[in-house]
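Now for the letters of each chain:
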Amino acid sequence: MPVWLEAGAWGLVGGLALVLGAAVAWFVRVPRWAVASVMAFGAGVLISALAFELVDEAERSGGLTATVVGFLAGAVVYVAANAVLARLGARHRKRSGDQQPSEDDDSGSGAAIAVGALLDGVPESVVLGLSLLSGAGVGVGVLAAVFISNVPEGLSSAAGMRRAGRSARYVFGVWVGIALASGLAAMLGALLLDGASDQLVAVITAVAAGAILAMVADTMVPEAFERTHLLTGLITALGFLAAFAVSRA
């Protein structure tokens, strides 16, 4: 199988975790403290993947300067885009409570939430595609981190969408669309950067890592802390440790 096609398949697998989380939220009444706990765990998983799989590898292959520049660029671009989307009604797109606006409350917020979900998911998928370029197969630690974190993301966000009165067609349309876009992003990452210099790949990896860390802080941690409070740090640490163990196993 061509590398770019394999990358697309793995990106789709990671994206389908969002659909799985949304389905659980739609058909099962999950306590909000449970959603928040899994979100905190997923945040720890992603932070671990950033530290041991992405930033470290980017620095080793492309150098410290390329990594720092790329990481800061990713964080700045994500925060700027997120600020624009927040003004359009997507500030609480990962929240499972009553924070998300309905279309009646904020016209256009549905489209903004969908675009925000895409913004959250694309960097992770690009990283999955890039992990295949080494020729050693998909990065298991990155794949596990993306999948484990995407389930609570989809669960929490879909629960909030349902509370805001959005239809099943909208909810599952968003997450199936994001899953397909995740596969496409991973495929393009592998296809366009196959044969690229180590420094360029390092910069792109660092950009994605910066965006992911900003996403964790802006959208995942607030949802987790709202319900788990003093346990947030411990649960996040457990997620970090679990991902580290998977990457070293």
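Values in this document were obtained by computation on a predicted structure and should not be read as measured data.

### Side note on helix α6 (residues 168-193)
- Its 26 residues give α6 an end-to-end C-alpha distance of 37 Å, which sits within 8% of 38 Å, the value for a rise of 1.5 Å per residue.
- The first or second residue beyond α6 is Gly195, which carries a positive phi of 90°.

### Focus on the side chain of Thr232
- Among the structural elements, Thr232 can be located in helix α8 (residues 232-248).
- Among the polar contacts made by the side chain of Thr232, one reaches the side chain of Thr228 at a distance of 2.5 Å.
- Discounting residues that sit within four places of it in the chain, Thr232 has contacts with Ala40, Ala224 and Phe225.

### Section: the UniProt feature "transmembrane region" (unreviewed entry) in the protein
- With numbering matched to this structure, UniProt assigns "transmembrane region" (unreviewed entry) to residues 7-27, 33-52, 64-85, 126-149, 170-193, 199-217 and 229-247.
- End C-alpha to end C-alpha, residues 170-193 measures 34 Å, and it is 100% helix and 0% strand.
- As annotated, residues 229-247 has a helix share of 84% and a strand share of 0%, and its two end C-alpha atoms lie 28 Å apart.

### What about the environment of Ile113?
- One can find Ile113 in helix α4 (residues 109-131).
- With 22 residues separating them along the chain, Ile113 and Arg91 place their C-alpha atoms 8.1 Å apart.
- Non-local contacts of Ile113, meaning those with residues more than four positions away in its chain, are made with Gly89, Ala90, Arg93, Gln100, Met161, Arg166 and Tyr170.

### Examining the confidence of the model for the protein
- Scored by pLDDT, the protein has a mean of 85; 94% of the residues are at 70 or more.
- Confidence scores differ between elements of the protein, with α4 showing the lowest mean pLDDT of 79 and helix α3 (residues 64-90) the highest of 90.

### Focus on helix α1 (residues 3-27)
- Here α1 is 25 residues long and its end C-alpha atoms lie 36 Å apart, about the 36 Å a rise of 1.5 Å per residue gives.
- Regarding α1, the residues found buried are Ala7, Gly8, Gly11, Gly14, Gly15, Ala17, Leu18, Val19, Gly21, Ala22, Ala25 and Trp26.

### Some remarks on the packing of helix α2 (residues 32-62) against α8
- Interaxial distance between α2 and α8 falls to 7 Å at its minimum, and their mutual angle equals 45°. The angle between the axes of α2 and α8 places the two elements in the oblique class. Considering only the axes of α2 and α8, their crossing is right-handed. Across the interface between the two elements, Ser37, Ala40, Phe41, Ala43, Gly44, Val45, Ile47, Ser48, Phe52 and Glu53 from α2 touch Thr232, Ile235, Thr236, Leu238, Gly239, Phe240, Ala242, Ala243, Phe244, Ser247 and Arg248 from α8.
- Per-class residue counts for the contact of α2 with α8 are 12 nonpolar, 7 polar and 2 charged.

Conventions and cut-offs
- Residues numbered from 1 in each chain as written.
- Predicted model: local features only at pLDDT ≥ 70, side-chain atom pairs only at ≥ 80, totals over all residues.
- Heavy atoms only, no water.
- Helix = DSSP H or I, 4+ residues; strand = E, 2+ residues; numbered from the N terminus.
- Expected span 1.5 Å × (residues − 1).
- Polar contact = N/O pair within 3.5 Å; in protein donor to acceptor, adjacent residues only side chain to side chain.
- Contact = heavy atoms within 4.5 Å.
- UniProt positions renumbered as here; feature names shortened; annotations may be inferred.
- pLDDT = per-residue confidence, 0-100.
- Buried < 20%, exposed > 50% of the residue type's maximum accessible area, 1.4 Å probe, protein only.
- Axes fitted to C-alpha atoms, helices over the stretch in contact; angles between N-to-C directions.
- Parallel < 35°, antiparallel > 145°, perpendicular 65-115°, else oblique.
- Left-handed = near helix turned anticlockwise from the far one by under 90°.
- Nonpolar A, V, L, I, M, F, W, Y, C, P; charged D, E, K, R; others polar.

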